[in-house]
Amino acid sequence: MSAEDKNQRYESILKNIERRRPFGSARKEEEPRTPHDRVLDLLNAYDALAELVQREFERILCYGPATVRGRAWSGVVIWYHSKGYHGYQTLRLLGVWAHYRENEIMLSIGIRKLPYRAPVYDPGVYRVAIQNNFRIYYDDDGHAPEAGDSRLYRAPFRSRERLEHRQAVTDVLQSWMSEIKAG
């Protein structure tokens, strides 16, 4: 192999390294798959919730975010539970969902309570598994809040009102964080 070929090979390797995503980071989807995903992208829902997970809270452990999808809805959720040995018994999902109601896309922000559903509790295994997925122990698909759940915001989504919706997401999440800090 000539010196010129070695240099070209070296440059090619460096370009491939530059294009790689950072180790441990989630893959970012190139193109949203549904209108619901596009709405969540327009609202920057994933990043807004990701900021909450990076904070330390005195009374709760917080995980996520994750994108959840159903046939006629999409959402971005974080999940949290109280600290302490019995904190696992109730998990709460805080999320932003885009879903259909009649013929329009609705935007919902809310909190859902999920009871622990696994037959046994092993704290070591739970602690590791809950960081990546809540579905294993709570048997839930992550759908939008329904009757009996806490709805913090709900409005029909209009593209021209995107900035107002984005501000509503920010305001609701700030309010949630204040309540969590207050206890």
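Residues numbered from 1 in each chain as written. Predicted model: local features only at pLDDT ≥ 70, side-chain atom pairs only at ≥ 80, totals over all residues. Heavy atoms only, no water.

Student: What exactly am I supposed to notice about the sheet that holds strand E5 (residues 150-156) here?
Tutor: What holds strands together in a sheet is hydrogen bonding between their backbones, with the strands either parallel or antiparallel. One open sheet holds the five strands; their spatial order is E1-E2-E3-E4-E5, and the pairing between them is antiparallel. Either end of the sheet is taken by a strand with one partner, and the two such strands are strand E1 (60-69) and E5. Between one strand axis and the next, the sheet turns through 15° on average, direction left out of account. Packing against the sheet, helix H2 (residues 35-43) makes contact with E1, strand E2 (73-82), strand E3 (90-101) and strand E4 (104-115), and its axis sits at approximately 115° to E3. Where helix H6 (residues 162-182) meets the sheet, it contacts E1, E2, E3, E4 and E5, and its direction lies at approximately 175° from that of E5. (Pairing = 2+ DSSP bridges. Helix = DSSP H or I, 4+ residues; strand = E, 2+ residues; numbered from the N terminus. Axes fitted to C-alpha atoms, helices over the stretch in contact; angles between N-to-C directions. Contact = heavy atoms within 4.5 Å.)

Student: I keep staring at the environment of Thr67 and nothing clicks. Help me out?
Tutor: Along the chain, Thr67 falls in strand E1. Taking the C-alpha atoms as reference points, Thr67 and Asn103, separated by 36 residues in sequence, lie 23 Å from one another. Apart from the residues within four sequence positions on either side, Thr67 is in contact with Tyr46, Gly75, Val76 and Arg135.

Student: Can you walk me through the pairing of E2 in this structure?
Tutor: Residues in a regular strand point their side chains to alternate faces of the sheet. For E2, the buried fraction is high: nine of the ten residues fall into the buried class. Direction of pairing for E1 relative to E2: antiparallel, over a ladder of eight bridges. Following the sheet pairing, Tyr63 is matched in E2 by Trp79. Hairpin connection from E1 to E2: three residues lie between these consecutive antiparallel strands. The pairing of E2 with E3 spans eight bridges and is antiparallel. Bridged to Trp79 within E3 is Leu93. (Buried < 20%, exposed > 50% of the residue type's maximum accessible area, 1.4 Å probe, protein only.)

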